[in-house]
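This is what each chain is made of:
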Amino acid sequence: MGVAAALGAYSLWGLVPIFWPLLARSTAPEILAHRIAWSTVFGVILVLLFARTRWRAQISGRGTLIRLTLASVVIALNWGVYIWAVNNGRVVEAALGYYINPLLAILAGVFLFKERLAPLQWAAIGLATVAVVVITIEYGQPPWAALVLAISFTIYGVIKKRVKVEPIVSMTAESALMTIPAIGFLGYLASRGEGDFLQHGVGYDLLLACSGVVTAVPLLLFAYAAQRIPLSLIGLTQYLAPTMQFLLGVFYFREAMSTGRWVGFTLVWVALMVISVQAIMAARRSRQAPSAAG
């Protein structure tokens, strides 16, 4: 079930670039604030339905609250940068960030959770590093949006690995911790006549509210998966989302792909193929070991 949840989360994240342009008349900070606020509303409903008697005990510990607070700040940064990237014609760059992220997740598994890497996996990480250098040369500067997305979501995954809280409770707590500043910002915009809520018809307001559902569902699936499968395995399933985002960026949003970009992405894809081969080989060895022992 953990692998199925991870695949579901990344499939939904792969399709989400289609949603954010529907809110393009709003700025990225305003969309982010709505995303946080409506995620909290949706999460509270789920908690009342499915975890009414358990949520207080799960988040009562000081260490848990600190980790959830850190997770909320990191994921809010990730959300904001992603919204900005998609609505500013950088879907392909955002995809690059999530291609790099699985490799960073594998490194996190090595250094923080003592997971061991095979030589092929180290080679894949080397290829990804070269890819970032190639794309940096092509851009004339580092792909900052991609790097922020990759690093922030890796940190988020590490924190979630250490938080033993139900996915529904965890997601709701993270959103709730950022809701007060989010609502404060929306109130500030409204006071200046710059907010878009209640200004463009019921349909647009419903789209803003749907940002909570779009956010919460894949996060719940990810939280479920992060607690049940190794971080390195999450890293292997994670490139489903950027592949879908990349295809949308090139064929749906018609973003330009220079030769340098193609070279850089090809290196990343080769790195992911190497990791996949290593994972298949490791799985076969693990299946053969019991029979050999018998």
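Report follows, based on the coordinates. The shown structure was predicted, so the numbers you read here are calculated from the model rather than taken from an experiment.

Concerning the nonpolar core
Thought 1: Residues W13, W20, Y82, Y156 and F222 are the most contacted members of the largest nonpolar core, which totals 57 residues.
Thought 2: Residue assignment for this core shows that the elements contributing at least two residues are helix 1 (2-15), helix 2 (28-50), helix 4 (62-87), helix 5 (91-113), helix 7 (144-162), helix 8 (167-191) and helix 9 (202-226).
Thought 3: With 11 residues, the single largest contributor to this core is helix 4.
Thought 4: Excluding residues that lie within four positions of it along the chain, W20 makes contacts with I31, R35, Y82, I83, V86, N87, S211, V214 and T215.

Looking at the packing of helix 5 against helix 7
Thought 1: Two elements in contact, helix 5 and helix 7, have axes whose closest approach is 7 Å; the angle formed by their N-to-C orientations is 40°. When the interaxial angle is binned, helix 5 and helix 7 end up oblique. You can see that helix 5 and helix 7 cross each other, and the crossing is right-handed. For the pair helix 5 and helix 7, contact is made by E93, A94, L96, G97, Y98, I100, N101, L104, A105, A108, L112 and F113 and by W144, A145, A146, L147, L149, A150, I151, F153, T154, V158, K161 and R162, respectively.

Looking at the packing of aromatic side chains
Thought 1: If you walk through the whole model with that rule in mind, you get 15 aromatic pairs.
Thought 2: Three or more aromatic residues joined by ring pairs form one cluster here, namely Y10, W13, Y82, Y98, F153 and Y156.

Conventions and cut-offs
- The numbering scheme is per chain: residues are counted from 1 as the chain's sequence reads.
- Given that this is a predicted model, residues contribute local features only at a pLDDT of at least 70 and side-chain atom pairs are listed and counted only at 80 or more, while totals for whole chains, interfaces and linings are drawn from all residues.
- Heavy atoms from the whole structure form the basis of all side-chain values; hydrogens and water molecules are not counted.
- What we call a nonpolar core is a set of buried Ala, Val, Leu, Ile, Met, Phe, Trp, Tyr and Cys residues that are connected through their side-chain atoms within 4.5 Å.
- Per-residue accessibility, obtained with a 1.4 Å probe over protein chains only, is compared with the maximum for each type, and a residue is labelled buried under 20%, exposed over 50%, and partly exposed between these values.
- Under the DSSP-based scheme used, a helix requires at least four consecutive residues in state H or I and a strand at least two consecutive residues in state E, with every element numbered from the N terminus.
- Should any heavy atoms of two residues lie within 4.5 Å, those residues are counted as being in contact.
- Only the stretch in contact is used when fitting a helix axis, every axis being a line fitted to C-alpha atoms; angles between N-to-C directions are given from 0 to 180 degrees.
- For classification purposes, an angle smaller than 35 degrees is called roughly parallel, one larger than 145 roughly antiparallel, one from 65 to 115 roughly perpendicular, and anything else oblique.
- Left-handed describes a crossing whose near helix is turned anticlockwise from the far helix through less than a right angle; right-handed describes the clockwise counterpart.
- Whether two aromatic rings pair depends on their centres lying within 6.5 Å, for rings of Phe, Tyr and Trp, where Trp uses its six-membered ring; planes under 30 degrees apart make the pair stacked, over 60 edge-to-face, and the rest tilted.

Nothing here speaks to function; it is all geometry.
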